[in-house]
Amino acid sequence: MALEGKVALVTGAARGIGKALTEILLQNGAKVALLDVDKNAGQEAVSAFDEEFGAGRSVFCCCDVSSEVQFRDAFEKSTQLFGGLDIICNNAGIVNESDWEKAVAVNLNGVIRGTFLALELMKKENGGRGGVIVNIASMAGLGPHAVAPVYTASKHGVVGFSRAIAEASTVLGYGVRINVLCPGFVQTTIFASLEKDEALEKLRNQRGKLLESWGILEPSDVAKIFLRIVLDDSSRNGGVLVITSKGAEYINFPTAADVPAATL
Ligand SMILES: NC(=O)C1=CN([C@@H]2O[C@H](COP(=O)(O)OP(=O)(O)OC[C@H]3O[C@@H](n4cnc5c(N)ncnc54)[C@H](O)[C@@H]3O)[C@@H](O)[C@H]2O)C=CC1
Ligand SMILES: CCCCCC(=O)/C=C/C=C\C=C\C=C\[C@@H](O)[C@@H](O)CCCC(=O)O
């Protein structure tokens, strides 16, 4: 199978998109470390995967990605168990506009931390075997989502950081490819929680227009695009893909040449 012998690590893997990413990695032969802050859900997920794919193909590490100590411990445990690391998906994320520092700590700092920990292991100058890092942003990482300004900021940060570290990887010869996925709406607990949020009522119709044009994805739809990116070594380092019910495509960003000459 395409990922036979490969070792992957997925954060926020106990449910939703992260669980779907884990499943498709296991279906294609990889061994997968599931990291999640929800211990019960994580253990249940691994038990189900043991049933489906056989014991020893996946392991759960309880880990809050906003904690350096917990994340580093989880990395060490999973890479020692499975031997090295080839693929990581920094997927864990939350919407919390009231405790906004927590949202930034998880959505942005957690992704930065996971990327740096992976590069420490993967980059060739450290004796690593290279690999692929896929960071999960959102459509809210590409444009302002009035429904959640802090969430928008954290996801814009994921896009900007990932594109910059990907360029560094190319220039410095890390041998690691970094890509970003920006899904639209996906039917998971995050999405469901927004339906109940009274404070968002005022903005719901703005979101309604987007729902109409983008549709609602299933986690498995995101997983299929994720697998394509992981397997496609020709895909551009630093590439950012948008995913809606209409399909997936790379976003082209303005370059320095596009910056207008000063006219004021
Ligand atoms: N559902 C949607 O409409 C979209 C979601 N996304 C992003 O996709 C990613 C996954 O989201 P969903 O699967 O929808 O959410 P979800 O809420 O269904 O799953 C998120 C998982 O992350 C875990 N998690 C939360 N905080 C954590 C932390 N500090 N450390 C470790 N694990 C933690 C949760 O326990 C949960 O298992 C997030 O980054 C989200 O921002 C992006 C675009 C659309
Ligand atoms: C509010 C957080 C939701 C959590 C899940 C998630 O990330 C969902 C994101 C889905 C949509 C994000 C939309 C972002 C929209 C902006 O880019 C907006 O400026 C796009 C306007 C496009 C249009 O009007 O057609």
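On a predicted model such as this, the values are computed, not experimentally measured, just so you know. (Residues numbered from 1 in each chain as written. Chains lettered and ligands numbered in written order. Predicted model: local features only at pLDDT ≥ 70, side-chain atom pairs only at ≥ 80, totals over all residues. Heavy atoms only, no water.)

Per the secondary structure count, the chain includes 8 helices and 10 strands. In terms of C-alpha radius of gyration, the chain reaches 18 Å, essentially the compact-globule figure of 18 Å for 264 residues. Considering the chain as a whole, with its 264 residues, one finds that 50% of them fall into the buried category. Partitioning the intrachain contacts of the chain with sequence separation of at least 6 by distance along the chain shows that 70% fall at a separation of at least 24. (Helix = DSSP H or I, 4+ residues; strand = E, 2+ residues; numbered from the N terminus. Rg over C-alpha atoms; globule rule 2.2 N^0.38 Å. Buried < 20%, exposed > 50% of the residue type's maximum accessible area, 1.4 Å probe, protein only. Contact = heavy atoms within 4.5 Å.)

Around ligand 1 sit 28 residues in total, of which Asp-36, Asn-91, Tyr-151, Gly-184 and Thr-188 are the nearest. One nitrogen or oxygen atom from the main chain of Cys-63 is found 3.5 Å from a nitrogen atom belonging to ligand 1. The backbone of Val-65 places a nitrogen or oxygen atom 3.0 Å from a nitrogen atom of ligand 1. When isolated, ligand 1 has an accessible area of 830 Å², and the protein chains bury 94% of it. Only helix H1 (16-27), helix H5 (149-172), strand E7 (185-186) and helix H6 (189-196) provide two or more residues apiece to the shell around ligand 1. (Near = heavy atom within 4 Å. Polar contact = N/O pair within 3.5 Å; in protein donor to acceptor, adjacent residues only side chain to side chain. Areas by Shrake-Rupley, 256 points an atom, 1.4 Å probe, with all protein chains shown as cover.)

Here we take up the packing of H1 against helix H8 (residues 219-231). Where H1 meets H8, the axes come as close as 8 Å, and the angle between the chain directions of the two elements is 50 degrees. What the angle tells us is that H1 and H8 run oblique. Note on packing geometry: the crossing formed by H1 with H8 is right-handed. On the side of H1, the interface is formed by Gly-16, Ile-17, Ala-20, Leu-21, Ile-24 and Leu-25, while H8 contributes Pro-219, Ser-220, Val-222, Ala-223, Lys-224, Phe-226 and Leu-227. (Axes fitted to C-alpha atoms, helices over the stretch in contact; angles between N-to-C directions. Parallel < 35°, antiparallel > 145°, perpendicular 65-115°, else oblique. Left-handed = near helix turned anticlockwise from the far one by under 90°.)

With that settled, consider the confidence of the model for the chain. Per-residue confidence for the chain gives a mean pLDDT of 94, with 96% of residues at or over 70. The ipTM assigned to the predicted complex is 0.92, against a pTM of 0.95. (pLDDT = per-residue confidence, 0-100.)

For the rest of this paragraph, the subject is the pattern of salt bridges. Inspection of every chain in the model, using the stated rule, returns 7 salt bridges. Glu-120 is the salt-bridge partner of Arg-72, the closest N and O atoms lying 3.2 Å from each other. Here Arg-72, found in helix H3 (residues 68-82), pairs with Glu-120, found in helix H4 (residues 100-122); they are 48 residues apart in sequence, far enough to count as distant. Given a relative accessible area of 30%, Arg-72 falls into the partly exposed group. In this structure Glu-120 comes out as partly exposed when scored by relative accessible area, which is 40%. What you see here is one network of salt bridges that share partners, running through Glu-68, Arg-72, Arg-113 and Glu-120. (Salt bridge = Lys/Arg side-chain N within 4 Å of Asp/Glu carboxyl O.)

Right, let's talk about the site of ligand 2 for a bit. The immediate surroundings of ligand 2 are formed by 16 residues, with Ser-138, Gly-143, Pro-144, Tyr-151 and Leu-194 found nearest. Within the side chain of Ser-138, one N or O atom sits 2.7 Å away from an oxygen atom of ligand 2. Between an oxygen atom of ligand 2 and a main-chain N or O atom of Pro-144, the distance comes to 3.1 Å. Out of a free accessible area of 650 Å², ligand 2 has 76% covered by protein chains.

Right, let's get into the sheet that holds strand E1 (residues 7-11). The strand order across the open sheet formed by 8 strands is E3-E2-E1-E4-E5-E6-E9-E10, and the pairing between neighbours is mixed. Both edges of this open sheet fall to strand E3 (58-62) and strand E10 (247-250), since each of them pairs with a single strand only. For this sheet, the mean inter-axis angle between neighbouring strands, taken without regard to orientation, is 20 degrees. Across 3 bridges, E1 lies against strand E4 (residues 87-90) in parallel orientation. Residue Leu-9 lies in a different strand from E4, and its bridge partner there is Ile-88. Lying over the sheet, H8 contacts E4, strand E5 (131-136), strand E6 (176-183), strand E9 (240-244) and E10, oriented at roughly 160 degrees with respect to E6. (Pairing = 2+ DSSP bridges.)

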